[in-house]
Amino acid sequence: MIWFRSFCFNILALIWNVGVMLLLLPSVLLGARWVLPISRLWSRGLLVLLRVVCGLSYEVRGREYMPGGPCVVASKHESAFETLVFPVVIHDAIFVLKRELLRVPLFGWYLAAAGNVAVDRSGGAKALRHMVAEARARLAEGRTIVIFPEGTRVTPGEGGRYHPGVAALYQALEVPIVPVAVNSGSYWYRRAFAKRPGRIVVQFLPPIPPGLDRRAFLNRLRDTIETASVTLTQEAAGKQ
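The structure displayed is predicted, hence computed values, not measured ones.

## A short note on a positive patch on the surface
Logical step 1: A cluster of like positive charges, contributed by K98, R121, R190 and R191, occupies part of the molecular surface.
Logical step 2: By the secondary structure assignment, K98 is in strand β3 (residues 93-98).

## Observations regarding the packing of aromatic side chains
Two aromatic rings are characterised by how far apart their centres lie and by the angle between their planes.
Logical step 1: Summed over all chains, the structure comprises six aromatic pairs.
Logical step 2: Seen in terms of ring centroids, F9 and W188 are 6.2 Å apart; in terms of plane orientation they differ by 80 degrees. Their pairing is edge-to-face. Here the residue F9 occupies a position in helix α1 (residues 2-23), and W188 occupies one in the loop between β6 (177-182) and β7 (198-204), the gap between them amounting to 179 residues. Each member of the pair, F9 as well as W188, carries the same accessibility label: buried.
Logical step 3: In this arrangement the basic side chain of R222 is found over the ring face of Y162, its NZ or CZ atom lying 5.3 Å from the centre.

## Description of the pairing of strand β5 (residues 144-147)
Logical step 1: With burial as the criterion, each face of β5 is covered, one bearing T144 and V146 and the other bearing I145 and I147.
Logical step 2: Alignment of strand β2 (residues 72-75) against β5, held across three bridges, turns out to be parallel. Its bridge partner lying in β5, V72 is registered against I145.
Logical step 3: The pairing of β3 with β5 spans three bridges and is parallel. By the bridge assignment for β5, F95 is matched with V146.

## Notes on the packing of helix α2 (residues 32-54) against helix α3 (residues 81-89)
Logical step 1: Close contact between α2 and α3 brings their axes to 8 Å; oriented N to C, the two are set at 125 degrees. If you check the angle between α2 and α3, you find them oblique. In the packing of α2 onto α3, the handedness of the crossing is left-handed. On the side of α2, the interface is formed by S39, R40, W42, S43, R44, L46, L47 and L50, while α3 contributes F81, T83, L84, V85, P87 and V88.
Logical step 2: Taken together, the residues that form the contact of α2 with α3 break down as nine nonpolar, three polar and two charged.

## Examining the nonpolar core
Logical step 1: Core analysis: the largest hydrophobic core is formed by 37 residues, its most contacted members being V72, V96, M131, L169, L173, F217 and L221.
Logical step 2: The element that contributes the greatest number of residues to this core is helix α6 (residues 164-173), accounting for six residues.
Logical step 3: Setting aside residues no more than four positions away along its own chain, L169 makes contact with V72, V96, M131, V132, A135, I147 and E174.
Logical step 4: With 36 residues, the next largest nonpolar core counts V53, C71, I200 and A236 among its residues.

## Quick word on the pairing of β6
Logical step 1: Most of β6 sits out of view: six of its six residues are buried.
Logical step 2: Here β6 shows two buried faces, one formed by I177, P179 and A181 and the other by V178, V180 and V182.
Logical step 3: For β2 and β6, the ladder comprises four bridges, and the chain directions are parallel. Within the sheet, the bridge partner assigned to V73 lies in β6 and is V178.

## Comments concerning the state of the cysteines
Logical step 1: Scanning all chains against the criterion turns up zero disulfides.
Logical step 2: Unpaired in terms of disulfides, C54 finds its nearest cysteine sulfur in C8, a separation of 8.5 Å.
Logical step 3: Its relative accessible area of 2% is what places C54 among the buried residues.

## Overview of the sheet that holds strand β4 (residues 117-119)
Logical step 1: The seven strands are arranged β1-β7-β6-β2-β5-β3-β4 in an open sheet whose pairing can be described as mixed. Two strands lie at the open edges of the sheet, namely β1 (56-61) and β4, each paired on one side alone. Strand-to-strand twist in this sheet, taken as the mean axis angle between neighbours without regard to direction, amounts to 25 degrees.
Logical step 2: Lying over the sheet, α2 contacts β1 and β3, oriented at roughly 125 degrees with respect to β1.

About the cut-offs
- Residues numbered from 1 in each chain as written.
- Predicted model: local features only at pLDDT ≥ 70, side-chain atom pairs only at ≥ 80, totals over all residues.
- Heavy atoms only, no water.
- Patch = residues over 30% accessible without salt bridge, like charges linked within 9 Å, V, L, I, M, F, W, Y side chains within 5 Å.
- Areas by Shrake-Rupley, 256 points an atom, 1.4 Å probe, with all protein chains shown as cover.
- Salt bridge = Lys/Arg side-chain N within 4 Å of Asp/Glu carboxyl O.
- Lys, Arg positive; Asp, Glu negative; His and termini not counted.
- Charge placed at Lys NZ, Arg CZ, Asp CG, Glu CD.
- Helix = DSSP H or I, 4+ residues; strand = E, 2+ residues; numbered from the N terminus.
- Phe/Tyr/Trp six-rings, centres within 6.5 Å; stacked < 30°, edge-to-face > 60°.
- Buried < 20%, exposed > 50% of the residue type's maximum accessible area, 1.4 Å probe, protein only.
- Lys NZ or Arg CZ within 6 Å of the ring centre and 35° of its normal.
- Pairing = 2+ DSSP bridges.
- Axes fitted to C-alpha atoms, helices over the stretch in contact; angles between N-to-C directions.
- Parallel < 35°, antiparallel > 145°, perpendicular 65-115°, else oblique.
- Left-handed = near helix turned anticlockwise from the far one by under 90°.
- Contact = heavy atoms within 4.5 Å.
- Nonpolar A, V, L, I, M, F, W, Y, C, P; charged D, E, K, R; others polar.
- Core = buried A, V, L, I, M, F, W, Y, C linked by side-chain atoms within 4.5 Å.
- Disulfide = S-S within 2.5 Å.

Shown next as structure tokens:
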């Protein structure tokens, strides 16, 4: 049954994705002001499909930890779910993402028009400087930056290497970094077809204020996210 429901979700999601992107394609020429609401619409549609077709819902904890002013959200990344939920739960959220995604037909055009911060992973220090400059400009526009510090999806219970990009943003932007833990990988496995029914938890954690040195910041960020994510994974395991 799980496989059948997952198959139905994939078919309906494909129809939704292509339909939205083709029908609203002219908005790409109008910029982020038009594209960001479309991204929320797109995400909400897929989250509804997940809940109705796959029985997979979500809850958000710790919203009170989001500052009233500019900040960067640093989230654990266990499945594609994170890319769907943040445009819905964070107003005008944009992502730090790999530059290759902008080359994807249709989808990449929307990513670029929304003002997401694209990074050349092979670009070294120059790429980091470009990322910081782009992120600073987006914060000035009132956006919230979302970054996945490990750079890719990881298996629940495993902690990947935290890349220097998040530390560069922390030191250069001097705004709070809000850690986020998830247990999405317990229900929607990395690179897996099946999506198990249940309730994903997205947990915002106390922000890390500016002022720490690079190593102290990375250690605190990693310990905060990993500890909370392990707890959420154990919570999910107890419900299955």
